[in-house]
Amino acid sequence: MCVLGACDAPVADSPEAQAPIAANTVRVDVSGFAAVEGRTVALSPARVGQDIAQALAQQLRQTADGAVIADITLDLTSVRLTSRGAAFAFGGPSRIAGILTAHDARTGAVMFGPTPVVGTSETLRLPGVIGVATSPSPTDDYRQTVLGFAVAVQRLLNARSVPAIDA
């Protein structure tokens, strides 16, 4: 339980908080996710979950000595690809959202979360005709958004300064 920001997260100066996190396992729960919204991409929730799990595992592979090995769980809540109409009117990136939890792979103790996480496509959409004209294909947009989400998860885990939310 988190009361007024006092949570069971590692202290920022502790060695655990400074070490990068590497994934032992990555599990994406799609039970709270129905379909990709916005642009049409014919992918089942199970396929979206697999794609996100694969991107997270690759992004969180052990790259440094002293990495903390974690089992990562993501409860996927939404995938929204910016449609051409929305790009024309508002611009803005596509996004993926979920609830992230990391458990120490050795002890099973919660290291981080559950915490909301949102990641966006690395491609910014400008409003108007230029935004529509430069918009990637739905498939490319989806891939870029999955990659951007994996990067956002890695940054959030390695910062580890966001307090947990009650599950």
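Residues numbered from 1 in each chain as written. Predicted model: local features only at pLDDT ≥ 70, side-chain atom pairs only at ≥ 80, totals over all residues. Heavy atoms only, no water.

Undergrad: I'm lost on helix H2 (residues 45-59) in this one. Help?
TA: When the terminal C-alpha atoms of H2 are compared, their 21 Å separation across 15 residues agrees well with the 21 Å that a helix rising 1.5 Å per residue should span. Buried within H2 we find Val48, Gly49, Asp51, Ile52, Ala53, Ala55 and Leu56. Along its buried surface, H2 packs onto strand E1 (21-29), strand E3 (68-81), strand E4 (95-104) and helix H5 (138-159). (Helix = DSSP H or I, 4+ residues; strand = E, 2+ residues; numbered from the N terminus. Expected span 1.5 Å × (residues − 1). Buried < 20%, exposed > 50% of the residue type's maximum accessible area, 1.4 Å probe, protein only. Contact = heavy atoms within 4.5 Å.)

Undergrad: I would appreciate a short explanation of the side chain of Thr101 in the present structure.
TA: Residue position: Thr101 is located in strand E4. You can call Thr101 buried: its relative accessible area is 11%. Those residues in contact with Thr101 that lie beyond four places of it in its chain are Asp71, Ile72, Thr73, Val110, Phe112, Gly113 and Pro114.

Undergrad: How should I be thinking about the environment of Ser94 in this particular structure?
TA: Tracing the backbone shows Ser94 in the loop between helix H3 (84-89) and E4. Given the relative accessible area of 0%, Ser94 is considered buried. Each C-alpha atom, one on Ser94 and one on Thr120, is 5.5 Å from the other, the two residues being 26 residues apart in sequence. Side chain to side chain, Ser94 and Asp141 meet in a polar contact 2.8 Å long. (Polar contact = N/O pair within 3.5 Å; in protein donor to acceptor, adjacent residues only side chain to side chain.)

Undergrad: Any chance you could explain the side chain of Ser121 here in plain terms?
TA: Along the chain, the position of Ser121 falls in the loop between strand E5 (110-120) and helix H4 (129-133). Leave out the neighbours within four places in its chain, and Ser121 touches Pro93, Ser94, Asp141, Gln144 and Thr145.

Undergrad: Please explain the nonpolar core as it appears in this structure.
TA: A general trend in soluble globular proteins is that nonpolar side chains are found buried together. One finds Ile52, Leu76, Leu100 and Leu157 to be the most contacted residues of the largest nonpolar core, which totals 32 residues. Listed by contribution, the elements that provide at least two residues to this core are E1, H2, E3, E4, E5 and H5. (Core = buried A, V, L, I, M, F, W, Y, C linked by side-chain atoms within 4.5 Å.)

Undergrad: What's the story with H5 in this structure? I'm lost.
TA: Residues that lie three or four places apart on an α-helix share one face, since the helix turns once every 3.6 residues. Relative to the 32 Å expected for 22 residues at 1.5 Å per residue, H5 spans 31 Å between its end C-alpha atoms, a close match to the ideal helical length. Listing the buried residues of H5 in full gives Asp141, Tyr142, Thr145, Val146, Gly148, Phe149, Ala150, Val151, Ala152, Val153, Leu156 and Leu157. In this fold, the buried residues of H5 make contact with E1, H2, E3, E4 and E5.

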